[in-house]
Amino acid sequence: MMKIPKLLFAGLLFTILIPLILGNGIPSGQNDFIAKSFSVAGPLYENLLKTTAGNSKDYPHSLNPDGSIKYLQIDEWTGGFWPGILWSMYEYTGDEKWKTQAKVWTESLESNQFNTAHHDIGFMMFNSYGKALKFEQNPKYKEILIQSAKSLCKRYSPVVGSIQSWNERKSKGEINTWSYPVIMDNMMNLELLFYASKETGDVTYRNVAISHAELTMKNHLRADFSSFHVVNYDPAKGKVLHRQTLQGFSDNSTWARGQAWGIYGFAACYRETGDKRFLEAAIGMADFYLNHKKLPADKVPYWDFNAGENGYRPDWDYQPSLYKEIPRDASAAAITSSALLELSQLVRGKKRKTYFSAAGFMLKSLSTDQYLNTGQANPYFLLKHSTGNFPSGREIDVPLIYADYYYLEALLKYGHILKAGKS
Ligand code: GLY
């Protein structure tokens, strides 16, 4: 056997082996921001838990203008993020106190398995019950997820070939009526369907997901892989009637969070199907985001890539003078970083490095005092500077529960990839 000189062995021990062991397998230094972020998160989420002690009916969503917590109720789209955050806290710390609360909040969503009022059941149930399955194979949780997938499929029309996101409603500015609106965000509900097919062996759910993703690729994406927010179909004939926006700047603009949902959703579809068209969509959307001339240096986007730009006309009253600069959307960066980490594992070579390092760069930006709530600017949420719905004047430059959720998810993924040496 080759003999390693004593001095060289000591060098190896101190520079590589000990940091690897102490850093949970991740080379020392590379994960400092992960540890810091989880330690900032702990006290904030302890505070948030206290505000709802004994009541798992009010789901933390954001802050009201007066600084109080904005809660949403069980039927709204963000209920699954709070339990998902608690599962992430448990995953990182291993502390049972987080698991106990994660279970309470997950199980509080049980009746949502029958919710067919909108498409958001995937957000609600897969980010709570779906995350829970990482930690316990509870048969009841599986049943609930399968029923949730059934409920989601009730909003699928074979005539259109897509899942209807919202019920009939007026467009922004009441310019027309959307009878069968499908939004880019809906790509995020498809993982629930892939799961249900794997669990039951029934391919119906998976086929719905594939049809939905194919149609989204065809009708929501532009030639440059930017995206429309809303596509409205004729429910009787399945034809596209309108391509518009509700939360973006204008119909022809690219709403930053919509683009983020698309990258995440198509990457997941490629992982589940191996269909290269979905990979191409995810890569195209990611490259659009990363190479956009208006992406700020810290890679945390403005709430819309085209906000205020010539050639983009909003159907609402835009008053730029109200803001010193165009507000950012940290939630879009958090979702995108998680999506890019997924994507990095689905490709090889240069592309893997590009997506992994872009995700790391975004996460490091979000982990600076600019975005991370290190000084307890508010006592409850981890990330600052997200934008929920700018055109409606709601949730501008605020914390949002889903920004925290995807940020923690991405931090965990980043750590796992580094540990596995797959960066
Ligand atoms: N679908 C909700 C959002 O991204 O605002």
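Further up the page is the structure itself.
Residues numbered from 1 in each chain as written. Predicted model: local features only at pLDDT ≥ 70, side-chain atom pairs only at ≥ 80, totals over all residues. Heavy atoms only, no water.

**Here's the deal with the nonpolar core**
Judged by nonpolar contacts, the single largest core of 122 residues is most densely connected at Tyr45, Leu193, Phe266, Tyr406 and Tyr407. Examining the composition of this core, we find that 13 residues originate from one element, helix α13 (residues 401–419), more than from any other. (Core = buried A, V, L, I, M, F, W, Y, C linked by side-chain atoms within 4.5 Å. Buried < 20%, exposed > 50% of the residue type's maximum accessible area, 1.4 Å probe, protein only. Helix = DSSP H or I, 4+ residues; strand = E, 2+ residues; numbered from the N terminus.)

**With respect to the pairing of strand β1 (residues 59–63)**
Judged by how many residues are buried, β1 sits mostly within the fold: 5 of 5 residues are covered. The antiparallel pairing of β1 with strand β2 (residues 69–72) creates a hairpin that spans 5 residues between the two strands, and Gly67 there sits at a positive phi of about 90°. (Pairing = 2+ DSSP bridges.)

**What to know about the environment of Asn47**
Tracing the backbone through its elements, the reader meets Asn47 in helix α2 (residues 32–51). The partly exposed category is assigned to Asn47, whose relative accessible area is 22%. Each C-alpha atom, one on Asn47 and one on Phe381, is 9.3 Å from the other, the two residues being 334 residues apart in sequence. Those residues within four positions of Asn47 in sequence are excluded, and the remaining contacts are Gln376, Pro379 and Tyr380. (Contact = heavy atoms within 4.5 Å.)

**Overview of the sheet that holds strand β7 (residues 181–183)**
Within a sheet, adjacent strands bond to each other through the backbone by hydrogen bonds, running parallel or antiparallel. The sheet built from 3 strands is open, its strands ordered β7-β8-β9 with antiparallel pairing. Each edge of the sheet is formed by a strand with only one pairing partner; in this case those strands are β7 and β9 (240–244). Adjacent strand axes in the sheet meet at a mean angle of 20°, parallel and antiparallel pairs treated alike. Pairing of β7 with strand β8 (residues 230–233) involves 3 bridges; the strand directions are antiparallel. Bridge assignment links Val182 to a residue of β8, and that residue is Val231. Those strands touched by helix α8 (residues 204–219) are β7, β8 and β9, and its axis lies near 110° from that of β8. (Axes fitted to C-alpha atoms, helices over the stretch in contact; angles between N-to-C directions.)

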